[in-house]
Amino acid sequence: MSTHAAVELDGQYRVLREGAGFLDRSDRGKLIVRGADGAEFLQGQVTNDVEALEPDVGCYAALLDRKGHMQADMRILRLSTGDLWIDTEPETSGVVERHMRMYSIGRAVEIEDASDEWSIVSVIGPGAVEAAGSGPLSPEYAQRYYERDGVEILGVATDVGVDLIVRSDQADGLLDLLARSEAVEVSEAAAEIVRVESGRPRFGREMTTATIPQEAGIAERAVSFTKGCYIGQETVARLHYRGKPNRHLRGLRLEASVANGEPITLGDREVGRVGTAVLSPAHGPIALAVIRREAEPDARVEVGEDRIRGAVLEPPF
C-alpha cells in the first residue's frame, strides 16, 4: 500500500469512527418473495424464524446444505407490505435465487429478482442516523420508510449504522443527499477495517461452503433452535445440544501485515487460514479467521511463509 493510499484510508477510518461514511453496496443480490406461502416457505429453507417476523422487522439467516454447511448468508426483511426482502453477498446471489426457485415449485410463492431495480447504500458511524435523516432505528433490522427531498427511502438498522434502500433511478439523488449531509464517501477497504474490528464474519472470507454456523460464531444471530425443520437442521441442532464445534471464529493480533488466505500454524500444525486481514489505525495488523479449537485465545500462532507471529483472541478487538 502506498503512503498516499494509507493516509487516505486512515482518514476514511477516522470518519467511520467519529462521523458518518457511506458506500454503495448495490452489487448485493436482492430477491423479493411474495405470496400467501412466502413466510412458511422460507421457514423451511433457512436457519432463522422467518414466520415470527412482524412487518418492519427482519433477521439474519443462513442457507445450508443437508450436512449443515453454509451455502450463503442473508438479511431477510418483512416489509410493511408483508412481502419478504432478501439480500445476499454478490457471490452467492445466484445460489440463493436458484435454490428458492427450485424449492418454491408448486407453492403459492413468487420469487422476484430485484437486483437491478433497487440500490443499497450503507451509512456507517456514530453520525449515520443523522446523515441518513432516518430518525432513530433500533434494534438491528428495524425499518422505516420515509421521503427526503423527493427521494423515497427504506432505512434499515445495521450493527454499525443504517442501510438505505432506494429505487435504482433514485440512487444518485440519495448519494447527493448524503454528501450534502456532510457524510463522506468511503472505500470498501475502510468499511472492512470496521467489520473486522467488530468481529463480524463475512461469507466468502471467514465463512465458506465448508463452514457450519457454530464454527463462524453466528448461531446466536442466525439460527432458531425452537422453530420447525429446515434444510441442514439435524447437524446444527446436534452440535448445539450435544457437541462442540471443531473450529471457532477468532481474531488475530499480528506483528506485521499478512494476506487473506494465508495458512495459520500452531506449532507444526496448520489450524486454519486467514479470512480477512486489515491494517487498523487503532490496532495495527489484525485479522479474522475460523480456526481449529486448539488455537485458543492467548495462543501464539504463525502466519504464512514468512511466519509472521500473532496472538489469538476472541473477537471483537
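Computed from a predicted structure; not experimentally measured.

Caption draft 1: Quick look at the sheet that holds strand 11 (residues 184–185). With mixed pairing, the six strands of this open sheet are ordered in space as 8-9-10-7-1-11. Edge positions in the sheet fall to strand 8 (143–148) and strand 11, since each of these pairs with one other strand and no more. Here strand 8 runs beside strand 9 (residues 151–157); their pairing, made up of six bridges, is antiparallel. Its bridge partner being in strand 9, Tyr 145 is matched across the sheet by Leu 154.

Caption draft 2: A look at unusual backbone geometry. With an omega dihedral of 0°, the bond running from Ser 138 to Pro 139 counts as a cis peptide bond. Tracing the chain through its elements places Pro 139 in the loop between helix 4 (128–132) and strand 8. Cis geometry marks the peptide bond from Pro 315 to Pro 316, where omega comes out at 10°. In the Ramachandran plot, Glu 182 falls in the positive-phi region, its phi being about 70° despite a non-glycine side chain. Along the chain, Glu 182 turns up in the loop between helix 5 (171–180) and strand 11. Judged by its relative accessible area of 70%, Glu 182 is exposed. Phi at Arg 307 takes a positive value of approximately 55°, unusual for a residue other than glycine. Relative to the elements of secondary structure, Arg 307 occurs in the loop between strand 17 (300–303) and strand 18 (308–313). A relative accessible area of 42% means that Arg 307 is categorised as partly exposed.

Caption draft 3: Expanded view of the side chain of Ser 280. Relative to the helices and strands, Ser 280 is located in strand 15 (residues 276–280). Here the side chain of Ser 280 touches His 283 through a polar contact of 3.0 Å, landing on its backbone nitrogen. The contacts of Ser 280, once residues within four sequence positions are left out, are Tyr 13, Ile 193, Glu 197 and Ile 286.

Criteria and cut-off values
Residues take numbers from 1 onward in each chain, read along the sequence in its written order. This being a predicted model, a pLDDT of at least 70 is required before a residue's local features are given, and a value of 80 or more before pairs of side-chain atoms are given or counted; all residues contribute to the totals for chains, interfaces and linings. Hydrogens are left out, water is left out, and the side-chain values use all remaining heavy atoms of the structure. DSSP bridges decide pairing: two strands pair if at least two such bridges lie between them. Secondary structure elements are taken from DSSP: a helix is a run of H or I of four residues or more, a strand is a run of E of two residues or more, and numbering for both begins at the N terminus. Any residue under 20% of the maximum accessible area for its type is buried, any over 50% is exposed, and the rest in between are partly exposed; the area is computed with a 1.4 Å probe on protein chains only. Two N or O atoms count as a polar contact when they lie within 3.5 Å, although within protein this holds only if one can serve as hydrogen donor and the other as acceptor, and sequence-adjacent residues are included solely when both atoms are side-chain atoms. Every residue pair with non-hydrogen atoms within 4.5 Å of one another is taken to be in contact.

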